[in-house]
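Geometric and topological summary
Listed below, chain by chain, are the residues.
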Amino acid sequence: MASANVYFYPNYGGKSEVLYYASDSSSYTFPSTSSMNSDFTRTGYSFSHWNTMPDGSGKTFYAGETYDITDTGLDFYAIWTPQYYSIHYMPNSQSASDVQNLPTDQMVIQGNWTYVSDEVPTRPGYDFLYWRTSAIAGYGTRYDPGDVITPTANTILHAFWQIKTYTVTYDPNGHGSSSAVTVTRDYGTDVTIRSTLGLDGDGYFFRDWNTSPGGDGISYAPNSTYSRYQDLYLYATWDKCPIIHYMGNGGLTSTDAAYRDVNYTYPNVENAISGNVFTYTGHHFKYWSTSPWNYAAGAQHYMPLQRVYMGAGYEQTLYAIWEPDTYTVTFNANGGSNAPSAQIKTYGVPLQLTSGIPTREGYVFKGWATTSSGSVAYPAGGVSSIEGDQ
């Protein structure tokens, strides 16, 4: 059998053929690519076998296999098997089941590049930031979705997350001196609803917090726990504090005011009726009344410190009821006997003195004086307008 020329082709990237000459022999042993030049080294692939067709559809021969030469000018093509690196995506979360939309693994032929998956994973309470080749922050290489990556080995990309925050805002809703206050918490951290922020209701009593300024939304009691981890805007809701208008009804305060308004801090409880702060010349305070007239039909009377239930918005006007002061007029016989009995004078009302007179042997009664040696001021049966005891 004559010698045969056998051609071997790298079969990729336009590489040139390599000619092997077979000596006079009836058979030929197929070489491996390691015994050939550098054209038969292909990055990312390993040599599989030879084939009589470039696409591998012809007859297959493996390195070391013996071929009986029956023709000349034979062509054989290297058939390659790609070698891959994997890219695996890790959730990097204590609870991996919480992470959704995690990208599927990617396979990249060794030496080639690809894009990092543009699928963004999700995790309740967190925002996705980026991927890293290390699960430890600040280590490894960072990749964003869509970045080019050329793996040099099987690669694991770890997700990194930023915890979300939410806010709870407390709005005083038109009362008090405070402005709205906002607190920020990490997702997963509960908020204890505040009490009143130290708000001064300015005639109103803080009731609770509500999602509506009119109080017709969702109510949140002070010191309750909020655990929905979503932004929340709360308005203070208020009850009008009970108020009583105390009227002097002829009396005045120390600053000459004829009335005094008292706002009670707590509605829906029993509050104590205030004491009297008015003075009325020649009179003394008796009680409070819903009518300015003493003994008016249907009027209600209240004593100081008496406890009265006052609901939200309770408002009442109470009038001081006064009684005139009274004075005692005492008669002294001044050395005589049979002095008349004492009389009672009412403030503002002239008193007609008794017509009765004392007796004294050897003397004639002349009238009444205000001192034992004074001049006569009143005759028997006269009228006295002096305010005070006599």
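Residues numbered from 1 in each chain as written. Predicted model: local features only at pLDDT ≥ 70, side-chain atom pairs only at ≥ 80, totals over all residues. Heavy atoms only, no water.

Comments concerning the sheet that holds strand S28 (residues 315–324)
Pairing within the open sheet is mixed, and its 5 strands lie in the order S23-S22-S28-S25-S26. Edge strands, defined here as strands with exactly one partner in the open sheet, are strand S23 (259–263) and strand S26 (301–302). In terms of strand pairing, strand S22 (residues 243–247) meets S28 through 5 bridges, oriented parallel. Across the sheet, residue Ile 243 finds its bridge partner in S28, namely Glu 315. (Pairing = 2+ DSSP bridges. Helix = DSSP H or I, 4+ residues; strand = E, 2+ residues; numbered from the N terminus.)

Focus: the pattern of salt bridges
Applying the stated criterion to the full structure yields 6 salt bridges. In this structure, the salt-bridge partner of Arg 207 is Asp 208, at a minimum N-O distance of 4.0 Å. Connected via shared salt-bridge partners are Arg 207, Asp 208 and Asp 239. (Salt bridge = Lys/Arg side-chain N within 4 Å of Asp/Glu carboxyl O.)

Overview of the sheet that holds strand S14 (residues 155–163)
Here we have 5 strands laid out as an open sheet, ordered S9-S8-S14-S11-S12, and mixed in their pairing. In this open sheet, the two strands that pair with only one neighbour each are strand S9 (106–109) and strand S12 (142–143).

Description of the environment of Tyr 226
Secondary-structure assignment places Tyr 226 in strand S20 (residues 225–226). Residue Tyr 226 is classed as buried on the basis of its relative accessible area, which comes to 3%. Once the C-alpha coordinates of Tyr 226 and Asp 190 are considered, the two residues, 36 residues apart in sequence, prove to be 5.7 Å apart. Other than its neighbours up to four places away in sequence, Tyr 226 contacts Tyr 166, Val 168, Asp 190, Val 191, Ile 193, Tyr 220, Asp 231 and Leu 232. (Buried < 20%, exposed > 50% of the residue type's maximum accessible area, 1.4 Å probe, protein only. Contact = heavy atoms within 4.5 Å.)

Some points on a nonpolar patch on the surface
The grouping of Trp 113, Tyr 115 and Val 148 at the surface amounts to a nonpolar patch, some 340 Å² of accessible area in total. Within the secondary structure, Val 148 is located in strand S13 (residues 148–149). For Val 148, a relative accessible area of 47% translates into the label partly exposed. (Patch = residues over 30% accessible without salt bridge, like charges linked within 9 Å, V, L, I, M, F, W, Y side chains within 5 Å. Areas by Shrake-Rupley, 256 points an atom, 1.4 Å probe, with all protein chains shown as cover.)

Points about the nonpolar core
Phe 8, Phe 30, Phe 40, Trp 50 and Phe 76 are the most contacted members of the largest nonpolar core, which totals 15 residues. Sorting the residues of this core by element identifies strand S1 (4–9) and strand S7 (74–82) as the ones contributing at least two each. Of all the elements, S7 adds the most residues to this core, at 4 residues. Among all residues touching Phe 30, those that are not within four sequence positions of it are Phe 8, Trp 50, Phe 61, Tyr 62, Ala 63, Gly 64, Glu 65, Tyr 67 and Phe 76. (Core = buried A, V, L, I, M, F, W, Y, C linked by side-chain atoms within 4.5 Å.)

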